[in-house]
Amino acid sequence: MIREMKNIRTLFAAFLMLAIVPLMSLAQEDDQVLRARNGKFALTNAKIYTVTNGIIENGTIIIDNGIIVAVGADVKIPADAEVFDYKGKEIYPGMIDGGTTLGLAEIGSISEANDFQEFGQLTPQMQALTAVNPNSTAIPVTRVSGVTTVWTMPRGGVLSGTAATINLFGYTPDQMFAGSKGIVMNFPSTAGGRRFRRLSPEEVKKRQDRALKTVNDAWDKAELYAKLENSDEVRSYPEIEALVPVVKGEMMLFIEANAAKDIVASIAWVKERGYKKVILTGVSEGWRVADQIAESGIPVITGPVQAIPTRDSDSYDAAYANPGIMSKAGVKVALRTMDSENVRNLPYHAGFAAAYGMGREEALKAITINAAEILGIGDKVGSIEVGKQANIFVATGDPFETATKITDLFIDGYKVPMTSRQIRLYDEFLNRTPGVDKDKKAIDIKKK
Amino acid sequence: MKNILTLLLAFFSTMALAQVQKGDLLIKNGTVLTVTNGTLENTDVLVRDGKISRIGKDLRAPRGVETVDATGKFVMPGIIDAHSHIAGSAINEGTSQVTAEVSMEDVVDPLDVGIYRALAGGVTSIHLMHGSANVIGGQNETMKLRYGTMNPDELRFEGAPRTIKFALGENPTRGGRSRGIQPQSRMGVENMLRTSFTQAIAYGKKWDAYNADKSPRKVAPEYDLRMQTLVDIMNGDVLVHCHSYRADEIYMLMKVFSDFNIPKLTFQHANEAYKVAPELAAFGASASVFADWWAYKLEVYYSTAYNAAILTNNGVLTSINSDSGELIRHLFHEAAKTQKYGELTDDQALALITLNPAKQLGIDNRVGSIEVGKDADIAIFEGHPLSVYTVPLMTFIDGVKYFDKSIDKGDARIYVGPESSISEVMIYDRHNDHRCLEGANVMAFEELFSNKK
């Protein structure tokens, strides 16, 4: 009996070996590390949306060492290029989100996992780029949806810090840096608190006056500092020093203003100060004062589009219609999600804006070339043009359409693998092994 | 005096039995997305007395019945949100870890302009849920969004089964920690559930013995609404909808329900339900999930937007909900995301926001599809509702129109109180839009239960 058992065991072991060896090799294949690669690529036979030079029906793009070196219908494919046939697909410049905390926020409710807000009201010298985690789980989750570049920004206080553009591929912040920075300022607001704690009009006014004084004191000092900069007498004053490039017109200033009153007040403030590279952000009530914004010539980054109207008395679709109203009034508009983990929904915010008055073409510009130009990287990204960085995605159709799939992705010329933790979980759990049999008994129930 | 009382009583009882308006209507020549019977091109839907009476081609409008031309438009069943906190003037009763005795039916706010915004997204029914501050929360209220009345009773989904909110994981354990009581861990959550049901069994036995006792001198046991509600749950009279995220806690609750013989169970949020999809299918439990929300707390960090598709493909009854006054306005778009994340068919995606939530709420005999005999809760869209460019045009409940984009007047408030201000501006922030813990004020907990005082 025992011998028989042993035989069975040996047999079983042999069987196991037979079964496991091929499995092991398979497993190895499963665990293969997917790496991005650089090189000379030819993307052929696709419908190319250049954004700046129309649509090429059956076009080719040549990427060499990160740069787009040729685009067109009759492009000669270099002999040493790796060719990708994208017949039936559409190619777009990578989408750009004009306002996120991507890379700075990992898990919302855990303060240790959030690095977008520093202590104090005046912290413009704080560098978002420093705190970008290149290995944030949210980054691959975002880029596989075609978003290749974002404005990642500090929040909170009056002068929150210095934001930066980042490409969503790279292993250090410097590899990701997309080439521009700007100071983030929250214009002293008349908006009344949050849902959990509403403020009285008196409290709001008091808070606003206090913040306005802080703002003006800081900028007065910065203007003085700019004049004294080369003097030996000036001691280091980091938060004021950080503002000097704005005073000199060398750096962008992003002013967050949402209530109509605040938008108008901030436009007047900018005019009075005479700062040159200014962008209005948020601008939730821009539709109320669209003409005034257009007249000021200040560009706008607005969003989220999928948002509740700012006032109970507003039409239900005020936030959907806002980008279109501003754009039609002549404002240069880019969009943002103001998100961290769901920046991937940028094309849907654009789609909603398109459906509620902006139109598809303007909405596409709002998350490509307009965003690039407003963020100061219009010479590098935002369209498919010779000489620009190869930030490109390939889609099965219109990327705003919900069911469309992004099939291929190039960031800074690297062909980036189309995977993320969410995709890997899908692959593992769609048909889980083992399935239910092992545990069926534990949760069996006598049906009533 | 007695007469006055009788009069008053009569007055209040008529108020409670408010007559719900029912409509007649012919929707002509639309593309009808029935959900249960595929897509019908160039088809008419006739509504009589609030019910769908005929579906077919070239139907004639009976005399006096209004016709809506839906040529080139899409007609679908009204959207049902299985997890909402709009139209609730309170969300959490957090004074105990078990508050089965309270009910959202007492806090329905018919004036919330969020109701109109939801209607403008094609939503006709919501499941107004208690919050997630405690393990066994309050009872929920299933509603129809009959906006335009000051009477909360007119918004009730008459005849809908009773439901109750449970909550597992971080929310109830956070409450336990801040108060220095159980539960502070997922172990404590399970213990609290088992203890509560065991107590309720003992309570039920006392009443059973009393009811069986023929003695004229028998004395009734003390009535306890909290315990009675738990008994009702075990009898299958109250459906449990449980806030949950992690696979282990989802599995735990199935085992507890198995042990206490509770047959029906819906997991709310259930971000990790995909990990135990085979178990959910075997148990017959269902899930009501987000399309893509994740990472807002640790227990949703290992989420995947493919959750709904994995669950559906494993045979788990699944719906997509909002838990948000913003998302509720575009649940059709949230459902469409399952076509990107998991390639669900149109019918599967539409069922996630219509028939499936109806089943989870026990109202699928009334709503959730366009079928003869069902309530005429219908939404009409410009463009296919699963397209990002779609625009909801009209929303009907019981054949009565509650939203019409072409005559939308902007300010949709039905009551402007003296404290309202047209200039009050609230900036929307998605990360403050999870209302499950609203009102579960942790400071108040501490004051209530602090040993120092």
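Residues numbered from 1 in each chain as written. Chains lettered and ligands numbered in written order. Predicted model: local features only at pLDDT ≥ 70, side-chain atom pairs only at ≥ 80, totals over all residues. Heavy atoms only, no water.

1. Let's talk about the overall build of chain B
- Looking only at helices and strands, chain B features twelve helices and 17 strands.
- Within the span of chain B, comprising 453 residues, buried residues form 61% of the whole.
- Sequence-distant contacts, at least 24 apart, represent 71% of the contacts inside chain B between residues at least 6 apart. (Helix = DSSP H or I, 4+ residues; strand = E, 2+ residues; numbered from the N terminus. Buried < 20%, exposed > 50% of the residue type's maximum accessible area, 1.4 Å probe, protein only. Contact = heavy atoms within 4.5 Å.)

2. Considering the overall build of chain A
- The helix and strand inventory of chain A stands at 14 helices and 16 strands.
- In chain A, which comprises 448 residues, the proportion classed as buried is 54%.
- The long-range share in chain A, meaning contacts at least 24 apart out of those at least 6 apart in sequence, stands at 67%.

3. Observations concerning the interface of chain A and chain B
- In this assembly, 73 residues from chain A lie in contact with 78 residues from chain B.
- Buried surface at the junction of chain A and chain B, summed over both partners, amounts to about 7,000 Å²; 54% is from carbon and sulfur atoms.
- R117 of chain B is paired through a salt bridge with D312 of chain A; the nearest N and O atoms lie 4.0 Å apart.
- Contributing elements (two or more residues each) for the side of chain A that touches chain B: helix 3 (138-143), helix 11 (346-358) and helix 14 (421-429) of chain A.
- When the residues that make up the side of chain A that touches chain B are grouped by side-chain class, the tally is 29 nonpolar, 20 polar and 24 charged. (Buried area = accessible area lost by both parts, 1.4 Å probe. Salt bridge = Lys/Arg side-chain N within 4 Å of Asp/Glu carboxyl O. Nonpolar A, V, L, I, M, F, W, Y, C, P; charged D, E, K, R; others polar.)

4. Overview of helix 5 (residues 225-234) of chain B
All names here are of chain B.
- Along helix 5, eight of the ten residues are buried, which leaves the element largely enclosed by surrounding structure.
- Along helix 5, the positions that sit buried rather than exposed are M227, Q228, T229, L230, V231, D232, I233 and M234.
- Close packing links the buried residues of helix 5 with strand 8 (136-139), strand 10 (162-167), helix 4 (186-212) and strand 11 (238-244).
- Its side-chain oxygen placed 2.9 Å from the backbone nitrogen of R226, D224 serves as the N-cap of helix 5.
- G236 sits one or two positions beyond helix 5 and adopts a positive phi of about 80°. (Polar contact = N/O pair within 3.5 Å; in protein donor to acceptor, adjacent residues only side chain to side chain.)

5. Quick look at the domain arrangement of chain A
Residue and element names in this part refer to chain A.
- Domain parsing of chain A yields domain 1 (35-94 + 382-417) and domain 2 (126-380).
- Relative placement of domain 1 and domain 2: their C-alpha centres are 30 Å apart.
- Tallying the contact residues gives 25 residues for domain 1 and 24 residues for domain 2.
- Counting each side, the surface lost to burial between domain 1 and domain 2 is near 2,100 Å², with a carbon and sulfur contribution of 65%.
- Seen at the junction of domain 1 and domain 2, the total is one salt bridge.
- For D398, the salt bridge goes to R360, with nearest N and O atoms at 3.1 Å.
- At the level of elements, strand 5 (90-93) and strand 15 (406-411) are the ones that each hand at least two residues to the side of domain 1 that touches domain 2. (Domains from an automatic or database assignment.)

6. Remarks on unusual backbone geometry
- G303 of chain A connects to P304 of chain A through a cis peptide bond whose omega is 0°.
- Tracing the backbone through its elements, the reader meets P304 of chain A in the loop between strand 12 (300-302) and helix 10 (318-328).
- Following Q182 of chain B, the chain continues to P183 of chain B via a peptide bond in cis, the omega torsion being 0°.
- Look at D412 of chain A: it is not a glycine, yet its phi comes out positive at around 55°.
- Here D412 of chain A shows up in the loop between strand 15 and strand 16 (414-415).
- We classify D412 of chain A as partly exposed; its relative accessible area is 28%.

7. Considering the sheet that holds strand 6 (residues 95-100) of chain A
Residue and element names in this part refer to chain A.
- A sheet is described by the order of its strands in space; here eight strands give the open sequence 6-7-8-9-10-11-12-13, paired in mixed fashion. Every interior strand has two partners, whereas the edge strands, strand 6 and strand 13 (333-335), have only one. Across the sheet, the mean angle from the axis of one strand to that of its neighbour is 25°, orientation sign disregarded. (Pairing = 2+ DSSP bridges. Axes fitted to C-alpha atoms, helices over the stretch in contact; angles between N-to-C directions.)

8. Focus: the environment of T395 of chain B
Residues and elements named next belong to chain B.
- Mapping T395 onto the fold places it in strand 16 (residues 391-397).
- Separated by 376 residues in sequence, T395 and Q19 have C-alpha atoms that sit 20 Å apart.
- Residues in contact with T395, not counting those within four places in the same chain, are L119, G122, V123, T124, I378, A379, V400, K401, Y402 and F403.
- Within the structure, the side chain of T395 is placed 2.7 Å from the backbone oxygen of L119, a separation counted as a polar contact.

9. Notes on the pattern of salt bridges
- For the structure shown, the criterion picks out 48 salt bridges over all chains.
- Residue K415 of chain A is joined to D408 of chain A by a salt bridge in which the shortest nitrogen-to-oxygen separation is 3.0 Å. The exposure classification of K415 of chain A matches that of D408 of chain A, with both residues buried.
- E326 of chain B is the partner of R329 of chain B in a salt bridge, and the nearest nitrogen-oxygen pair spans 2.8 Å.
- The exposure class of R329 of chain B is buried, given its relative accessible area of 3%.

10. A few points about empty space enclosed by the protein
- Across all of its chains, the model carries five cavities of 30 Å³ or more by this definition.
- Taken as a whole, the largest cavity spans an internal volume of roughly 120 Å³.
- The wall of the largest cavity is formed by 15 residues, among which Q306, D339, N345 and H349 of chain A together with R430 of chain B lie closest to the centre.
- Along the lines of polarity and charge, the residues of the lining of the largest cavity split into four nonpolar, five polar and six charged.
- Considering the residues around the second largest cavity, the lining is formed by H269, N271, V289, F290, A291, D292, W293, S303, T304, A305 and N307 of chain B.
- Residues belonging to the lining of the second largest cavity are distributed by class as follows: five nonpolar, five polar and one charged. (1 Å grid on protein atoms, 1.4 Å probe; cavity = no way out; pocket = protein on both sides within 12 Å on 5 of 7 lines; lining within 4 Å. Points joined across faces, edges and corners; volume = space filled by probe spheres on them.)

11. Some words on the packing of helix 4 of chain B against helix 6 (residues 247-259) of chain B
Residue and element names in this part refer to chain B.
- The geometry of helix 4 relative to helix 6 is characterised by a closest axis approach of 11 Å and an angle of 20° between their N-to-C directions. The angle between helix 4 and helix 6 falls in the class roughly parallel. Considering how the two elements wind past one another, helix 4 and helix 6 form a crossing that is right-handed. Packed against helix 4, whose contacting residues are R186, V189, E190, L193, R194 and F197, the element helix 6 presents D248, E249, M252, L253, K255, V256, F257 and D259 at the interface.
- Looking at the contact of helix 4 with helix 6 residue by residue, the classes come out as seven nonpolar, no polar and seven charged. (Parallel < 35°, antiparallel > 145°, perpendicular 65-115°, else oblique. Left-handed = near helix turned anticlockwise from the far one by under 90°.)

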